[in-house]
Amino acid sequence: MASQAERANIDQTTWPNVIGEARSVADALPDLLVEASHVASSIIAGWHGRRRAGPGESFWQFRPFNMGEPAKRIDWRRSARDDHLYVREREWEAAHTVWLWADLSSSMVFRSRLSEASKRDRSLVLMLAVADMLAETGERIGLTGVTRPFSDRRAAERLADALTHLSKPVALPDPTDVKRFADVVLISDFLDPLEEISAWIAQVAGTGARGHLVQVLDPIEETFPFDGRIEFSDPEQGIRLTAGRAETWRAEYQNRLEAHRAEIRDMARRAGWTYVLHHTDHSAAEPLLVLHSALSGNLDVIPKGGA
């Protein structure tokens, strides 16, 4: 796991690879946008907004007219049905800022034979699907450190366009623009050094924003089903490691991965954030449902295991 500084040095010497990755993202985005739209549409019917009276366009409920209220609030069509006067209430709609980020670093390109999607593509689908859902409720959406927050029914398309202009992939985005009361959704494999992740969480939590971490892993990264002589390579540092008998590494590897994952989960819990684990061989709708609940304010901390 390379430090941010080490990755910066590598990027400078492998710029053609960075350009290639950017083009790969751009080529994949149209298909990923369609997939994200389909996933979002399967969830969006259950999105119930803020569920209280206030300024907005969506009808919420009728309630009895109270003496002293302006007569113009009376809904005469509804009131004509019986001997009571009723007021038509609309659901309160206030734009809320949600910052989104999908890790596009080199380690996210990985896809094993056990999954049909790479970690990068699944993360992008989740991010764009969240943007699609939030756009339906008029929330303000932005890419951390890349765009200003905006409210637009075509939010997913605008984010996809912004991604095509990224100069290089970054695992942890610049949180400078994050302010109090905002929500931050970070989708990553979180295989970076724990001290870097901890510092980033502390910086965002210090603003008063609420965070939501979605850890995306390929199933082969959990099971480590390797036997015999295997060569492993680090896509970010270019380091290669050969195991003579890979099966003898399995238990220690799985213990270290679980410890790393548990620490990230505990970081989120200590900050009062949500955390969910997602495997790329499962449906993208699973973590999206958890994010739906969290962003609706119905969930404080995701229990161990996630989706």
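Here the structure is a predicted model, which is why all the values come from computation and not from measurement.

### Regarding the overall build of the protein
Move 1: Within the protein one finds 9 helices and 9 strands.
Move 2: A buried classification covers 45% of the 307 residues belonging to the protein.
Move 3: Taking the contacts inside the protein whose residues are at least 6 apart along the sequence as the reference set, 74% of them involve residues at least 24 apart.
Move 4: Element-wise, carbon and sulfur atoms account for 50% of the exposed surface of the protein, whose accessible area totals about 15,800 Å².

### Some remarks on unusual backbone geometry
Move 1: If you check the backbone angles, Phe-181 has positive phi at about 75° while not being a glycine.
Move 2: Assignment of secondary structure puts Phe-181 in the loop between helix 5 (155-163) and strand 5 (183-188).
Move 3: Phe-181 gets classed as exposed once you look at its relative accessible area, which sits at 58%.
Move 4: One non-glycine residue, Phe-224, adopts positive backbone phi at about 50°.

### As for the pairing of strand 8 (residues 240-243)
Move 1: As paired strands, strand 7 (residues 230-233) and strand 8 are joined by 4 bridges and run antiparallel to one another. Bridging from a neighbouring strand, Glu-231 pairs with Thr-242 of strand 8.
Move 2: The loop that links strand 7 with its antiparallel partner strand 8 comprises 6 residues; one of these, Gly-238, has a positive phi angle of about 80°.

### Things to note about the packing of aromatic side chains
Move 1: All told, the structure shown has 6 aromatic pairs when counted by the stated rule.
Move 2: Arranged with centres 5.7 Å apart and planes meeting at 20°, the rings of Phe-224 and Phe-232 form a pair that is stacked.
Move 3: A residue is classified by how much of its surface remains accessible, and Phe-224, at 5% relative accessible area, is buried.
Move 4: The ring of Tyr-86 has Arg-78 lying over it, and the distance from NZ or CZ to the ring centre is 4.1 Å.

### Comments concerning the sheet that holds strand 6 (residues 210-217)
Move 1: Pairing is parallel in the open sheet, where 5 strands are placed in the order 4-3-5-6-9. With partners counted over all chains shown, the strands left at the sheet margins are strand 4 (140-143) and strand 9 (274-279), one partner each. Sheet twist, expressed as the mean angle between neighbouring strand axes with direction ignored, is 20°.
Move 2: Relative to strand 4, helix 5 is tilted by about 15°, and along the sheet it contacts strand 3 (97-102) and strand 4.
Move 3: Contacts from helix 9 (residues 285-295) reach strand 3, strand 5, strand 6 and strand 9, with the element oriented near 175° to strand 6.

### Things to note about the packing of helix 4 (residues 119-136) against helix 9
Move 1: Viewed as axis vectors pointing N to C, helix 4 and helix 9 meet at an angle of 40°, and their least axial separation amounts to 11 Å. The pairing of helix 4 with helix 9 is recorded here as oblique in orientation. The two elements helix 4 and helix 9 meet at a crossing, and its hand is right-handed. Where helix 4 approaches helix 9, its residues Leu-126, Ala-129, Val-130, Met-133 and Leu-134 are matched on the opposing element by Pro-287, Leu-288, Leu-291, His-292 and Leu-295.
Move 2: Taken together, the residues of the contact of helix 4 with helix 9 break down into 9 nonpolar, 1 polar and no charged.

### Some points on the pattern of salt bridges
Move 1: Scanning the entire structure with this criterion turns up 15 salt bridges.
Move 2: Salt-bridge contacts for Arg-78 lead to Asp-82; the nearest nitrogen and oxygen are separated by 3.5 Å.
Move 3: In this structure, the salt-bridge partner of Arg-158 is Asp-152, at a minimum N-O distance of 3.3 Å.
Move 4: Looking at Asp-152, the relative accessible area reads 24%, which means it is partly exposed.
Move 5: One salt-bridge network, in which partners are shared between bridges, spans Glu-222, Glu-258, Arg-261 and Arg-265.

Here is what the cut-offs are and how they apply
Residues numbered from 1 in each chain as written. Predicted model: local features only at pLDDT ≥ 70, side-chain atom pairs only at ≥ 80, totals over all residues. Heavy atoms only, no water. Helix = DSSP H or I, 4+ residues; strand = E, 2+ residues; numbered from the N terminus. Buried < 20%, exposed > 50% of the residue type's maximum accessible area, 1.4 Å probe, protein only. Contact = heavy atoms within 4.5 Å. Areas by Shrake-Rupley, 256 points an atom, 1.4 Å probe, with all protein chains shown as cover. Pairing = 2+ DSSP bridges. Phe/Tyr/Trp six-rings, centres within 6.5 Å; stacked < 30°, edge-to-face > 60°. Lys NZ or Arg CZ within 6 Å of the ring centre and 35° of its normal. Axes fitted to C-alpha atoms, helices over the stretch in contact; angles between N-to-C directions. Parallel < 35°, antiparallel > 145°, perpendicular 65-115°, else oblique. Left-handed = near helix turned anticlockwise from the far one by under 90°. Nonpolar A, V, L, I, M, F, W, Y, C, P; charged D, E, K, R; others polar. Salt bridge = Lys/Arg side-chain N within 4 Å of Asp/Glu carboxyl O.

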